[in-house]
Amino acid sequence: MKWTDVMGLLGGLALFLYGMQMMSQGLENAAGNKMKQILGKLTSNRFLGVVVGAVITAVIQSSSATTVMVVGFVNSGLMTLTQAIWIIMGANIGTTITGQLIALDVGALAPFIAFVGVAILVFLKNEKIHPIGHIVAGLGILFIGMDMMSASMEPLSDSTEFIRLLTRFENPILGILAGMIFTAIIQSSSASVGILQALAAGGVVTLDSAAFILFGQNIGTCITALLAAIGANRNAKRTTVVHFSFNIIGTFLFAILCVVTPLIHWMQSISPDNVPAQIANLHTLFNIVTTILLLPFGQVLATIAKKILPDRERAKGWQQGMLPHMQNSARDMLGQSAISTEETKKELYQMLHLAEQNVHHAFEVFIHNDKELFQTIVSQEEQVDQMNDKITCLITTAISHENTTSGSSVFSSYYAITGNIERISDHAMNIAEYSKMRKKMGVKFTKKAKKEAASLQEVCDQLFVLLYHMEEDMEVWHQKVADQEQKIDDLTKQYRDNMMERIQKKECSYQASILYSEMLTDFERIGDHALNIADEWQAIAGFESNL
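Residues numbered from 1 in each chain as written. Predicted model: local features only at pLDDT ≥ 70, side-chain atom pairs only at ≥ 80, totals over all residues. Heavy atoms only, no water.

### Thoughts on the side chain of Thr-67
Turning to step 1, where the next piece is worked out: Residue position: Thr-67 is located in helix α4 (residues 63–76).
Turning to step 2, where the next piece is worked out: The class for Thr-67 is buried, based on a relative accessible area of 2%.
Turning to step 3, where the next piece is worked out: Apart from residues lying up to four places away in sequence, Thr-67 is in contact with Ile-88, Ala-225 and His-243. (Helix = DSSP H or I, 4+ residues; strand = E, 2+ residues; numbered from the N terminus. Buried < 20%, exposed > 50% of the residue type's maximum accessible area, 1.4 Å probe, protein only. Contact = heavy atoms within 4.5 Å.)

### Some details on helix α6 (residues 96–103)
Turning to step 1, where the next piece is worked out: If you check which residues of α6 are buried, you get Thr-96, Thr-98, Gly-99, Ile-102 and Ala-103. The buried residues of α6 occupy an angular sector of 155 degrees when projected down its axis, which confines them to one face. (Arc of directions from axis to C-beta.)

### What to know about the nonpolar core
Across soluble globular proteins, nonpolar side chains have a tendency to be buried as a group.
Turning to step 1, where the next piece is worked out: Judged by nonpolar contacts, the single largest core of 62 residues is most densely connected at Phe-366, Tyr-414, Tyr-516, Met-519 and Trp-537.
Turning to step 2, where the next piece is worked out: Elements with a minimum of two residues in this core: α18 (336–368), α19 (371–401), α20 (405–441), α21 (447–468), α22 (474–504) and α23 (510–545).
Turning to step 3, where the next piece is worked out: With 13 residues, the single largest contributor to this core is α23.
Turning to step 4, where the next piece is worked out: Those residues in contact with Phe-366 that sit more than four places away from it in its chain are Ile-431, Tyr-434, Ser-435, Arg-438, Phe-445, Ala-453, Leu-515, Tyr-516 and Met-519.
Turning to step 5, where the next piece is worked out: Listed in part, the 26 residues of the second largest apolar core include Val-193, Ala-200, Leu-263 and Leu-282. (Core = buried A, V, L, I, M, F, W, Y, C linked by side-chain atoms within 4.5 Å.)

### Here we look at the confidence of the model for the chain
Should the pLDDT be low somewhere, the predicted coordinates at that spot are not to be read in detail.
Turning to step 1, where the next piece is worked out: Averaged over all residues, the pLDDT of the chain equals 82, while 88% of them reach at least 70.
Turning to step 2, where the next piece is worked out: Here helix α2 (residues 35–42) stands out as the least confident element of the chain, with mean pLDDT 60; α22 is the most confident, with 92.
Turning to step 3, where the next piece is worked out: Below a pLDDT of 50 lies the segment residues 314–332, which in the model reaches 40 contacts outside its immediate sequence neighbourhood of four places, other chains included. (pLDDT = per-residue confidence, 0-100.)

### Brief notes about the environment of Leu-9
Turning to step 1, where the next piece is worked out: Mapping Leu-9 onto the fold places it in helix α1 (residues 3–31).
Turning to step 2, where the next piece is worked out: With 140 residues separating them in the primary sequence, Leu-9 and Met-149 have C-alpha atoms 4.7 Å apart.

### Focus: the packing of α4 against helix α14 (residues 234–260)
Two numbers describe a pair of packed helices, the interaxial angle and the distance between the axes.
Turning to step 1, where the next piece is worked out: Running from N to C, α4 and α14 point in directions that differ by 150 degrees, and their axes come no closer than 7 Å. On the basis of their axis angle, the class for α4 and α14 is roughly antiparallel. Relative to α14, α4 is oriented so that their crossing is right-handed. Of α14, the residues touching α4 (which contributes Thr-67, Val-70, Val-71, Val-74 and Asn-75) are Asn-235, Ala-236, Thr-239, Thr-240 and His-243.
Turning to step 2, where the next piece is worked out: Grouping the amino acids of the contact of α4 with α14 by side-chain chemistry returns four nonpolar, six polar and no charged. (Axes fitted to C-alpha atoms, helices over the stretch in contact; angles between N-to-C directions. Parallel < 35°, antiparallel > 145°, perpendicular 65-115°, else oblique. Left-handed = near helix turned anticlockwise from the far one by under 90°. Nonpolar A, V, L, I, M, F, W, Y, C, P; charged D, E, K, R; others polar.)

### Topic: the packing of aromatic side chains
Working definition: an aromatic ring pair is given by the centre-to-centre distance plus the angle between the planes.
Turning to step 1, where the next piece is worked out: If you walk through the whole model with that rule in mind, you get 11 aromatic pairs.
Turning to step 2, where the next piece is worked out: Look at Phe-212 and Phe-215: their rings are 5.9 Å apart centre to centre, the planes differ by 85 degrees, and that puts the pair in the edge-to-face class. One end of the pair is Phe-212 and the other is Phe-215, both in helix α12 (residues 207–220) and three residues apart, which spans about a single turn. When sorted by exposure, Phe-212 lands in the same class as Phe-215, which is buried.
Turning to step 3, where the next piece is worked out: For the ring pair Tyr-414 and Trp-537, a centre distance of 5.8 Å and an interplane angle of 70 degrees mean the geometry is edge-to-face. Of this pair, Tyr-414 sits in helix α20 while Trp-537 sits in helix α23, and the two are 123 residues apart along the sequence. Both residues of the pair, Tyr-414 and Trp-537, count as buried. (Phe/Tyr/Trp six-rings, centres within 6.5 Å; stacked < 30°, edge-to-face > 60°.)

Given below as structure tokens:
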């Protein structure tokens, strides 16, 4: 094998993998933002779940990408472990489409397919059609790479040393290990099976030596999902255990069948002159039979995964469990937009909850000068600041991977929301700190002032209830928040007037009036920032309707 053949092999593999990446990106652009809705509707039924997993994987030509997406969805709470099982089973069937297409020998049409895809991207100005162009162009490039690999491997058919090496893989254990290790290295079962078919097309390998390598490749493809689950939550890790268990069981079953039955001979008889087709057929049979056998036992697989990875006691304290599901956010993968969106929403609501508590406690401290409650506010204000930094980092990463204008606009609105929540918490801190100044200056508030402060606290509580419970009709909901903000403005004016009356009656000192006036300003600013948040959520609803 000359160095030019080696370069051809590497170049073909590069095109093969790049084609798969283009197809994955095309699907992400076409449906990534709606992946949550699609999977939520279709994975409630196990059969539909299998179909969805198979179709997605058939489109992007990568079960690894689908499985990593599923791990991310389970990790972020978009999908349950049971739903993930059906998708994974379907993904194992969908990944066999690549081999079947290769076996059909459509390589002669590959340049034309690539041209059609590129033409869609270059000549059609409608951006909504461009994801289809990525998918079609990716498919063509994939097959061009496949042809390059096949051509570069033809000289190996004359290498007695290489053929002697391959015959050793007729040993089930060696074949399975070889397929598993090779696939784990390149992290793509479609690519490794394609290379195996390229060897077969070059006359280098027969089904006898390829069968056990093929089984091992199904196990090796699990490595990508295992890597994706590092740092993920318990359920996400269990998803990878289910994926691994599925392929281990299938490999064990088919290895026995190949040893004790003439299964390989039967597969050869179906297409005697086409070894790539034999490999593709065995690969398809492996995954369909394994899925049929294990489909009724999905819950059993989930139970086994829970036994292997039992629930752990959650670490106490916000700092110890801070943002656990953000750790996979930097990965650029299928469905990442939906995952990042869900993660950001969760963290924003958690941050808003802390800000709400601070506002509520701040009025308690302002009225009653509670020192212990003041320290709680200080601690939670630090948490809000840390969450603001973390969420900002998440949003920055998500925007860098976002491929649509609407998607980027959504994350820009999230960025504005987190800034407004952080400012609300700052104003709560200001209100609480007035108690220290009050004590230092020996200021005492009248019963009327304390009663007014308590009513302000109640109005803020009502405001946060509105922010937490968005309605389906965003315009109606936004108007309710706007009305509450106007109520805050009206109360601020009314209570300033009341304060001036108390000053005129000499019921209030000028020091008390200064602190009270500052408190009213912070109260008014809290309403302003709350309305800003409602504005952004309403904008997000509009952006998402265009995704």
